[in-house]
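The chain contents come next:
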Amino acid sequence: MSATRNQLSIILTSNCLDRVWAALILAVGAAASGSAVSMYFAFWGLSILRRTDSRNTGKSFLEQLFGRLLPRGLKGLSLSRLNCAGLGSKLLHYRARQKRIPSPEELLTSARQLGVRLVACSMSMDMLGLKRDELIDGIEYGGVATCLADVHRSGATLFI
Amino acid sequence: MSATRNQLSIILTSNCLDRVWAALILAVGAAASGSAVSMYFAFWGLSILRRTDSRNTGKSFLEQLFGRLLPRGLKGLSLSRLNCAGLGSKLLHYRARQKRIPSPEELLTSARQLGVRLVACSMSMDMLGLKRDELIDGIEYGGVATCLADVHRSGATLFI
Amino acid sequence: MSATRNQLSIILTSNCLDRVWAALILAVGAAASGSAVSMYFAFWGLSILRRTDSRNTGKSFLEQLFGRLLPRGLKGLSLSRLNCAGLGSKLLHYRARQKRIPSPEELLTSARQLGVRLVACSMSMDMLGLKRDELIDGIEYGGVATCLADVHRSGATLFI
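Definitions and cut-offs
Residues numbered from 1 in each chain as written. Chains lettered and ligands numbered in written order. Predicted model: local features only at pLDDT ≥ 70, side-chain atom pairs only at ≥ 80, totals over all residues. Heavy atoms only, no water. Axes fitted to C-alpha atoms, helices over the stretch in contact; angles between N-to-C directions. Helix = DSSP H or I, 4+ residues; strand = E, 2+ residues; numbered from the N terminus. Parallel < 35°, antiparallel > 145°, perpendicular 65-115°, else oblique. Contact = heavy atoms within 4.5 Å. Nonpolar A, V, L, I, M, F, W, Y, C, P; charged D, E, K, R; others polar. Least-squares fit on C-alpha atoms with pLDDT ≥ 70 in both. Disulfide = S-S within 2.5 Å. Buried < 20%, exposed > 50% of the residue type's maximum accessible area, 1.4 Å probe, protein only. Buried area = accessible area lost by both parts, 1.4 Å probe. Salt bridge = Lys/Arg side-chain N within 4 Å of Asp/Glu carboxyl O. Polar contact = N/O pair within 3.5 Å; in protein donor to acceptor, adjacent residues only side chain to side chain. Phe/Tyr/Trp six-rings, centres within 6.5 Å; stacked < 30°, edge-to-face > 60°. Lys NZ or Arg CZ within 6 Å of the ring centre and 35° of its normal.

**Student:** Could you clarify how one ought to interpret the packing of helix H1 (residues 17-32) of chain A against helix H6 (residues 144-153) of chain C in this entry?
**Tutor:** Helices that pack against each other are described as a pair by the angle of their axes relative to one another and the distance between those axes. Packing of H1(A) against H6(C) brings their axes to within 10 Å, and their N-to-C directions diverge by 75°. Taken as axis vectors, H1(A) and H6(C) run roughly perpendicular relative to one another. Taken together, the residues of H6(C) that come into contact with H1(A) (itself represented by A:Ile25, A:Leu26, A:Gly29 and A:Ala30) are C:Val144, C:Cys147 and C:Leu148. Of the residues belonging to the contact of H1(A) with H6(C), the class tally is six nonpolar, one polar and no charged.

Below, the structure is given as structure tokens:
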């Protein structure tokens, strides 16, 4: 299989704000310098792709429960450390604005403009009961084979 | 050093159910499609290789303490998020059965059948006071050099 | 871009003792066997590069707050699991001494002697309000481009 040295593949299973922010900074940085970049969102990482206005209708009790517990989109993610009931993540956002560091929302927009492929893990969607119409537009859906194809094609894969 | 493009190496130091599940899905998926796969278990990751019936005899006080605190095998792992005293992990298992997604136990069995190499980190075993007869059969033991040899041989390495 | 098969790049965003310890063991092991190794410290990972005697003078309120909350150096890191208010990390250190496993402090010294490149993420420093004179000597500073250049040059990159 031919691999492209500077292709970057990111597997994101976390929805901790610090890890998500790092993932997006690396994805945008790599895409901006000409690399092909793919991001594969599984488990908690699917939070990032959720619409903020998604509904929980037509779901089983368990699916509704997961739906309520998982954050919707990049707002409302918490930190892996020093979260302090949301205060830590508010402070980090405030500092980023002060220092003109792009927010996760701005980075996701840039990623899409730069052609970063966003892939939602279909198995994780099944497990958490997330439907396609709950996720943002313009993304791909794929299973472990899709993910592994990107891994094998890439010069580097980061599991975040 | 010659590297095989589609060889996959996984270093697992976590025993969070979600990360372990993701690691096993990727390992089995890659092995099923013909890749050589190795999994290196260190620190908390050693939990996965513990026998459920292992005893703590002939151990120092500290070794017994670690022995009690570390989960034995894939049962009893907790989630990195939304664990809620075990409820979250029970729900995820329940959903997986509903959706016919293989459990971590089934994936570990498949991994072994497909020839995934399972390597226990000997330094971590020393540190946590785990003996070889507490771990499942058919695994290898190795230090950091074994791990790095696999990393250098592989097209991709995931630190999970 | 030419890649060196056995070059290792580590991106460390965590300051959990277990993950940091694993990162340093892999870095020193790889460097000792002749690999070029770089470690890029971002977000909480910057804790590792902090001087223990650094002061918080001339800082804004928020910068002082982050300064107080982030650990200084390798002492005082806590575990991702079983930390139990510091007891778990004390036990692990104690066991490491018993088993003659090098401590994180010894590993960091070895890493420097073996020529492992230590790079502090300048964007994270901005965000957390860390100044250069708060970090240890002999390190490099770089942004996402520096980090990605190392990723593309390396045979393997670990996100820890």
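**Student:** How should I be thinking about the relation of the copies chain B and chain A in this particular structure?
**Tutor:** One copy of the chain maps onto the other through a rotation about an axis followed by a shift along the same axis. Its rotation angle being 120°, the transformation that places chain B on chain A also includes 0.0 Å of axial translation and leaves an RMSD of 0.0 Å. On the angle and the small slide along the axis, the relation comes out as a three-fold axis.

**Student:** Explanation requested: the state of the cysteines in the structure shown.
**Tutor:** Here a disulfide denotes one covalent bond, and it connects the sulfur atoms of two cysteines. Residue and element names in this part refer to chain C. Per the stated rule, a full pass over the model turns up zero disulfides over all chains. Of all cysteine sulfurs, the one in Cys121 lies closest to Cys147, which takes part in no disulfide; the gap is 7.7 Å. On the accessibility criterion, Cys147 (2% relative accessible area) is buried.

**Student:** Just checking my understanding: could you explain the interface of chain B and chain A for this structure?
**Tutor:** Often, the extent of an interface is quoted as the loss of accessible area upon association of its parts. Contact residues are listed per partner, giving 28 residues for chain B and 33 residues for chain A. Carbon and sulfur atoms make up 71% of the surface buried where chain B meets chain A, a total of about 2,700 Å² over both sides. At the junction of chain B with chain A, the criterion picks out one salt bridge. Ionic pairing is found between A:Glu63 and B:Arg95, a salt bridge with its closest N-O pair at 3.1 Å. Those elements that place two or more of their residues in the side of chain B that touches chain A are strand S1 (4-12), helix H1 (17-32), helix H3 (87-98) and strand S5 (154-159) of chain B. Looking at which element gives the most residues to the side of chain B that touches chain A, the answer is H1(B), with eight residues. Each residue belonging to the side of chain B that touches chain A can be placed in one class, and the counts come to 17 nonpolar, five polar and six charged.

**Student:** Could you clarify how one ought to interpret the interface of chain A and chain C in this entry?
**Tutor:** Of the residues lining the interface, 28 residues belong to chain A; the matching set on chain C comes to 33 residues. Carbon and sulfur atoms supply 71% of the area buried between chain A and chain C, which totals about 2,700 Å² over both sides. Counting across the chain A and chain C interface gives one salt bridge. Between the two partners, chain A and chain C, sit six residue pairs in polar contact (both at pLDDT 80 or more). For the side of chain A that touches chain C, the secondary-structure elements that each account for two or more residues are strand S1 (4-12), H1, helix H3 (87-98) and strand S5 (154-159) of chain A. No other element matches the eight residues that H1(A) contributes to the side of chain A that touches chain C.

**Student:** When you look at the packing of aromatic side chains in this model, what are you seeing that I'm missing?
**Tutor:** Aromatic ring pairs are defined here through the distance separating the ring centres and the angle between the ring planes. For the coordinates displayed, the defined rule picks out three aromatic pairs over all chains. Between the aromatic rings of A:Phe43 and A:Trp44, the centroid separation amounts to 6.4 Å while the plane-to-plane angle is 65°, which identifies the pairing as edge-to-face. Here the basic side chain of B:Arg132 rests over the ring of B:Tyr141, its NZ or CZ set 3.8 Å away from the ring centre.

**Student:** What is the right way to look at the pattern of salt bridges in this model?
**Tutor:** Two side chains that carry opposite charge are able to pair once their charged atoms sit near each other. Residues and elements named next belong to chain A. Taken as a whole and assessed by the stated rule, the structure comprises 27 salt bridges over all chains. Linking Asp137 and Arg51 is a salt bridge whose minimum nitrogen-to-oxygen distance equals 3.0 Å. Remark: Arg51 occurs in the loop between strand S2 (37-41) and helix H2 (61-69) and Asp137 occurs in the loop between helix H5 (122-128) and strand S4 (140-142); sequence separation between them is 86 residues. In this structure Asp137 comes out as exposed when scored by relative accessible area, which is 53%. Of the charged contacts in the structure, one is a salt bridge between Arg117 and Glu140, with a shortest N-O distance of 3.0 Å.

**Student:** What's the story with the environment of A:Leu114 in this structure? I'm lost.
**Tutor:** Residues and elements named next belong to chain A. Along the chain, the position of Leu114 falls in the loop between helix H4 (104-113) and strand S3 (117-121). Residues Leu114 and Asp137, spaced 23 residues apart in sequence, show a C-alpha to C-alpha distance of 16 Å. Not counting chain neighbours up to four residues away, the residues in contact with Leu114 comprise Val28, Ala31 and Ala32.

Just geometry here; none of it tells us what the structure is for.
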